[in-house]
Amino acid sequence: DQQVKQNSPSLSVQEGRISILNCDYTNSMFDYFLWYKKYPAEGPTFLISISSIKDKNEDGRFTVFLNKSAKHLSLHIVPSQPGDSAVYFCAARVTGGGNKLTFGTGTQLKVEL
Amino acid sequence: EAQVTQNPRYLITVTGKKLTVTCSQNMNHEYMSWYRQDPGLGLRQIYYSMNVEVTDKGDVPEGYKVSRKEKRNFPLILESPSPNQTSLYFCASSLLHSPLHFGNGTRLTVT
């Protein structure tokens, strides 16, 4: 049972435009959400996170939005750059569940010139 | 440089031959964990450790063992590897309740 879902395996965007990556979850106990970025032959690196008490968190070009009623979060990248081309994983955690992250299956983002 | 170091990066072995993948972190993190990444399944937790001598099962622990004798090291042991353990493995560490820092992965092939 996939508790965190990323339904788009891939996304292609032109440089300078907005990239929107989506993530849905089913476990209502999740209260902290993270996005990781992964380049080939490297481990995932932490990008941005959001607590369930917020609905938006911004860090430079990256903004994460959380819609708790829809159990949906999204990552916006504006403007997209070629260096943003990577696989993006959405992850979720339950407070009190140690530091276990439940990951989605990832979305391959390609930013084209 | 703060990092999580896994060795080896690539490993090809045969069914039943015991192997160990090492993981070491230099950030004095209490929490360490192992994940495996498989196509269409994302990353799934194998085992985790909240501190020295404290380990527990994740979602897919069958066929794996771990130990945490020192804070910095968290080896993953496959006593009798099988082909279904062919995967990409990641070790991670963190302060409790902080984002995980991942190593660069170990690609294991069991024939």
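Details of the structure are given in the entry above.
What counts, and where the lines are drawn
- Residues numbered from 1 in each chain as written.
- Chains lettered and ligands numbered in written order.
- Predicted model: local features only at pLDDT ≥ 70, side-chain atom pairs only at ≥ 80, totals over all residues.
- Heavy atoms only, no water.
- Pairing = 2+ DSSP bridges.
- Helix = DSSP H or I, 4+ residues; strand = E, 2+ residues; numbered from the N terminus.
- Buried < 20%, exposed > 50% of the residue type's maximum accessible area, 1.4 Å probe, protein only.
- Contact = heavy atoms within 4.5 Å.

Asks: Which parts of the structure should I look at to understand the sheet that holds strand E6 (residues 56-59) of chain A?
Replies: Paired through backbone hydrogen bonds, the strands of a sheet run either parallel or antiparallel to each other. All names here are of chain A. On the basis of which strands lie adjacent, the open sheet formed by five strands has the order E1-E3-E8-E7-E6 and antiparallel pairing. The sheet is open, and its two borders are formed by strand E1 (4-5) and E6, each paired with just one other strand. Bridge count for E1 against strand E3 (residues 19-25) is two bridges, and the pairing is antiparallel. Pairing of Val4 across the sheet is with Tyr25, part of E3.

Asks: Hey, could you run me through the environment of B:Tyr47 in this one?
Replies: All names here are of chain B. Along the chain, Tyr47 falls in strand E5 (residues 42-51). Exposure remark for Tyr47: the relative accessible area of 12% places this residue in the buried category. Setting aside anything within four residues of it in sequence, one finds Tyr47 in contact with Ser33, Trp34, Asp56, Lys57, Gly58, Pro61, Tyr64, Lys65, Val66 and Phe74.

Asks: Would you mind going over the pairing of strand E4 (residues 32-38) of chain A with me for this structure?
Replies: Regular strands place side chains that alternate from one sheet face to the opposite one. Residues and elements named next belong to chain A. Across the seven residues that make up E4, a large majority, seven, are buried. Neither face of E4 is exposed, since Tyr32, Leu34, Tyr36 and Lys38 on one face and Phe33, Trp35 and Lys37 on the opposite face are all buried. Hairpin remark: E4 followed by strand E5 (residues 45-51), antiparallel, with six residues in the connecting loop; positive phi at Ala41, about 65°. The pairing of E4 with strand E9 (residues 86-93) spans seven bridges and is antiparallel. The partner of Lys38 across the bridge, within E9, is Val87.

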